Structure formats: C-alpha cells, structure tokens
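Single-letter residue listing:
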Amino acid sequence: MDKFVIRGGNPLRGTIRVSGAKNSALPCMAAAILTEEDVTLENIPQVRDIETERKLLASMGASVQLGSGGSAHRTTISCRSLSDPVAKYEIVKTMRASSLVLGPLVARAGIARVAMPGGCAIGGRPIDLHIKGLEQMGATIQQAHGYLEARASKLKGAHLVFDKITVTGTEDLLMAAVLAEGETVMENCAREPEVTDLAALLTAMGAKIDGAGTSTIRVQGVSSLHGARYRIHPDRIEAGTFLVAGAITAGDLTVADCNPQHLRAVIAKLEETGAQIDFPGPDAVRIRSNGKLRAADISTEEYPGFPTDMQAQYMALATQAEGVSVVKENIFENRFMHVQELVRMGANIKLDGRTAAVRGPAKLSAAAVMCSDLRASASLVLAALVADGESILDRVYHMDRGYERIEEKLRGVGAEIQRIGNLFAPRADEVVTDS
Ligand code: EPZ
C-alpha cells in the first residue's frame, strides 16, 4: 500500500495547476450511456475514480478509450451496444458514485441493475431520493440480494421535489429526464457547478434543459441524443485544497487553471483568517500568508455555501489560527475521521456531535498517520506540510481517487513529499469509499 513521506516546514511558492473536476467527469462519463454515438470529454483528471468509472462502463459493454488521441486527459466513450446493463457490486463497493449510471441506464435501455452502494467512511449515503424520483417518472424498482433493479418501457416527465438537496440525485434524475416523454420539473435541486457542467454536456448532446445551477430545473424530453465533445470544468475542491496549502505554509502560491467564481465561499473564509488573496487572471487565484492567521468559524452548506468537501482541509488550517474556530458539518453524519489523526499530530480539537472546536495555534509534530477517506487524506497532507519533522501517511490510495499526481504538484512548489510504493499496483484490501 502506498505511503507519503512529508517533511514539514517549507513555504509553498510558485504556480500550481488544477486538473479537471472528478465530480463533473463522473456524471459526464455516465451521460455517454444516453446515446449510441461517441462522447469525447476533455480535461478528465487522471485519478482512480475515473479508472473505476471506465471499468464500470466497460463491464456493461461500452468502449472507453482513456487518453484517446494522445492526450491522457481526454476520453472517448461509445455506448453503441450495452450488452450488460448491470453495475456490479465488485465495482460499486469501491465507488458509490456508480449509482450515477442508474438514471441513464433506465432512460436508454429501459432496465438497470445497480448494486446498492452501502455506506462509507463519511456516512450512510442512501440513494432513496434517486429511487423516489425514478418511481415518480414511472419506473418500477425492486431490491433484492443487495441489488436494485429499475425497469421502465419509457420514463414519463414528472414534477419532482427533492426532500433533501442531493448532488448526484439531481444529476441522476436529470439524465433520466432528458429522454423521458414530456416535461420534467425538478425542484430543490443541487446548484453545484458539477450539475451545471453535466447540463452543459447534455445540452451539447441535444437535450433541452433550463435552470441548471438554480434550484429549479425544467427538462423537455427528446426522443434521442447525439454524440458531443465537451471540456470538463476545473476541480474547485482541488483548487481550494491548494489555496489552503498556500495559507498553512505561510507561502505565496498561485493556483492556476481554476475557476475563481466556483470558490467564492472558500476565498471569503480564507480572507477572514487573514490570508491575502489576489486574482492575477480570470483562471487563477494567488494566496499569500505571513503565517499569522485568525480563527474563523465555518458551517458546511450546499453550494454556494462553504463546501463539505473543504471542511477537513479547512480544519487543518484552523489548527494554526489564533483563537477558537468552530467547524460545523451539516451535510454528512460522520465527516470528522481526520480529527483524531490531527490530534495525534498535536492539534487541539474538541468534538461535540457534528461540531468541532479547533483551538490554535497548535504546534504540530510529524507522526505516522492513517488516511480514511478522500478529503481526510488531504487534511493530513496539509497538516504534515506544516508539522515539525517527517510524517508518514498510510493508505494514500484514498487520496489517489480524487487528486491527480498531488505529490508531484506539491513538490513543484517546494514541498518535501515522496511517495513510497507503486501508484497503480492492484489492491486487494481497498475498502468501501466515499465519493
Ligand atoms: C456528492 O456526493 C459528491 N460526490 C461528494 O463528494 C460531496 O461531498 C457531496 O455531493 C455533497 O456535496 C460526487 O459528486 C461523486 P449528496 P452525493 O447526495 O451526491 C443525503 C468527494 O469528496 N442523501 O449531495 O452522494 C446524503 O446522505 C465526495 O469528492 C439522502 O438522504 O451527496 C447526504 O447527507 C464525497 N438520500 C446529503 O443528502 C439520497 O438519495 C447530501 O448528499 C441522496 C442523498
């Protein structure tokens, strides 16, 4: 199993580049199921979740070329024939976002068999709202032997109101609606940029969608969709993670190839802690810090609020800020797996249910720590960058699911970080994961 060895103390300086958004690429790859023609996606990040999605689509009979046309960040997917519309448990257990094939499979093939994702490190992660929406659109759903089977000869447009805001629920049902008969109105939708990204691809494929990025999305069903070529947006969570890296190491870091408009809540919070932020260009954010940071509270909310996917990273920063930062996690019930590991490095954090009180500045000392989920891993990397000494991070495969070549990118701006092990070695022990 791969490990990172990180020696803390270096301020990060220079320019670090952001890859395409994993959480856009996953629904966009699933959208290729909706057409018999080729869908080519650019700016795909080279991360393990994308490899998992490629295996999933290939297992259903799709042809997926990763790195087609010489670019490692381009993929062309052809779902001309889907011989086996089943998302098998062996794959789904390693990536719960596999449930994103549910809606497109029912819309395209009239049938979908998807292993129930089960819970993961950060929470129960049910998909009841995905199921409820499909039933309202006329699908019949059966659950047996850990699988969900959805059938519909032709989905019908419906008026859906989400009981809770769900990102992949919005995406799954949007993909079901584009080929349904008639109009679908979806209310209380997720407004995340990844939803907007997916809607832009579907529109390029011939779908008729209004309101993506707002709480209400209207879809006029069409009889078929054609192929398209589309460029995925930059990853706002990777960008936010790098901004925190610049602040926590008292560096001067320019985060390039990002979209500052998607980072407004994170940028505002970092400025509140005393970091200096500038915008050298339309797709770049520069962060400077003298290491003197002030405590600031966060409460995770759906977009455009402070993202839950940045909570663990922000908590690492809060350990270095003067005063008490109150961190409230409102989206997931168990997203504090990083806390005990940060405490082992010397952080002063008190937990009370979904609230953490982080008192700083605390001098962090290097330690051997264990990664538990994707964003907790990022939090431990950030803490190790400022800890005194050499930290060893185990199970970094969690990190590799959502961050492309992060050790090379961080080394490029002055971090002392090495990977021990082989990035793509097969893992028998990979546990159920969180995105
Ligand atoms: C997406 O997960 C992201 N994953 C997550 O990113 C992100 O943390 C999350 O949205 C919230 O922003 C992908 O896009 C692949 P939700 P998703 O449905 O869609 C409850 C990462 O780190 N809920 O918006 O699974 C759910 O339990 C990952 O990249 C239901 O109750 O999250 C949660 O409490 C982690 N029933 C809340 O809604 C449902 O049917 C929000 O979940 C669906 C969700």
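Above this text is the structure in question.
Model, not experiment: these values are computed from the prediction.

Reading guide: rules and limits
Residues numbered from 1 in each chain as written. Predicted model: local features only at pLDDT ≥ 70, side-chain atom pairs only at ≥ 80, totals over all residues. Heavy atoms only, no water. Helix = DSSP H or I, 4+ residues; strand = E, 2+ residues; numbered from the N terminus. Rg over C-alpha atoms; globule rule 2.2 N^0.38 Å. Contact = heavy atoms within 4.5 Å. Areas by Shrake-Rupley, 256 points an atom, 1.4 Å probe, with all protein chains shown as cover. Near = heavy atom within 4 Å. Polar contact = N/O pair within 3.5 Å; in protein donor to acceptor, adjacent residues only side chain to side chain. 1 Å grid on protein atoms, 1.4 Å probe; cavity = no way out; pocket = protein on both sides within 12 Å on 5 of 7 lines; lining within 4 Å. Sits in = over half its atoms within 2 Å of the grid points. Nonpolar A, V, L, I, M, F, W, Y, C, P; charged D, E, K, R; others polar. Points joined across faces, edges and corners; volume = space filled by probe spheres on them. Buried < 20%, exposed > 50% of the residue type's maximum accessible area, 1.4 Å probe, protein only. Expected span 1.5 Å × (residues − 1).

1. Quick look at the overall build of the chain
- The helix and strand inventory of the chain stands at 14 helices and 25 strands.
- Compactness check: the chain gives a C-alpha radius of gyration of 21 Å against a globular reference of 22 Å for 435 residues, within 12% of the reference.
- When its C-alpha atoms are laid out on the principal axes, the chain stretches across 60 × 45 × 40 Å.
- Within the chain, counting contacts between residues at least 6 apart in sequence, those at least 24 apart form 74% of the total.
- Total accessible area on the chain is roughly 15,800 Å²; 49% of this is exposed by carbon and sulfur atoms.

2. Structural notes on the site of the ligand
- Near the ligand, the surroundings consist of 24 residues, among which Asp128, Thr166, Thr168, Asp309 and Ile331 are the closest.
- In the model, an oxygen atom of the ligand is placed 3.0 Å from a nitrogen or oxygen of the Asn23 side chain.
- Counting atoms within 2 Å of the grid points, the majority share of the ligand lands in the largest pocket.
- Counting residues per element, the ones that place at least two in the shell around the ligand are helix H1 (22-31), helix H5 (128-136), helix H6 (167-177) and helix H12 (374-386).
- Residues that form the shell around the ligand fall into these classes: nine nonpolar, six polar and nine charged.

3. Quick word on the layout of surface pockets
- The calculated volume of the largest pocket comes to roughly 940 Å³.
- What lines the largest pocket is a set of 41 residues, among which Arg125, Thr166, Val167, Ile331 and Phe332 lie closest to the centre.
- Among the elements of the structure, H1, H5, H6, helix H8 (236-248) and H12 are those that each provide at least two residues to the lining of the largest pocket.
- Per-element tally for the lining of the largest pocket: the top contributor is H1, with four residues.
- Its residues assigned to classes, the lining of the largest pocket comprises 16 nonpolar, eight polar and 17 charged.

4. Brief notes about the environment of Gln311
- You can see Gln311 is positioned in helix H10 (residues 311-318).
- The buried category is assigned to Gln311, whose relative accessible area is 0%.
- Spatially, the C-alpha atom of Gln311 lies 8.5 Å from that of Ser299, the residues being 12 residues apart in sequence.
- With sequence-adjacent residues up to four places away left out, Gln311 is seen in contact with Ile298, Thr300, Phe306, Val327, Glu329, Arg335, Phe336 and His338.
- A distance of 2.9 Å separates polar atoms of two side chains, one belonging to Gln311 and the other to His338.

5. So, the environment of Ala356
- Of note, Ala356 is situated in strand S22 (residues 355-360).
- For Ala356 and Ala152, which are 204 residues apart along the polypeptide, the C-alpha to C-alpha distance reads 46 Å.
- With residues up to four places along the chain from it excluded, the contact list for Ala356 reads Met315, Ser325, Val326, Val327, Phe336, Ile349, Lys350 and Leu351.

6. Overview of helix H7 (residues 193-204)
- Its 12 residues place the ends of H7 17 Å apart at the C-alpha level, agreeing with the 16 Å of an ideal helix rising 1.5 Å per residue.
- For H7, every residue scored as buried is listed here: Pro193, Glu194, Val195, Asp197, Leu198, Ala199, Leu201 and Leu202.
- Directly after H7, the chain includes Gly206, whose backbone phi takes a positive value near 110 degrees.

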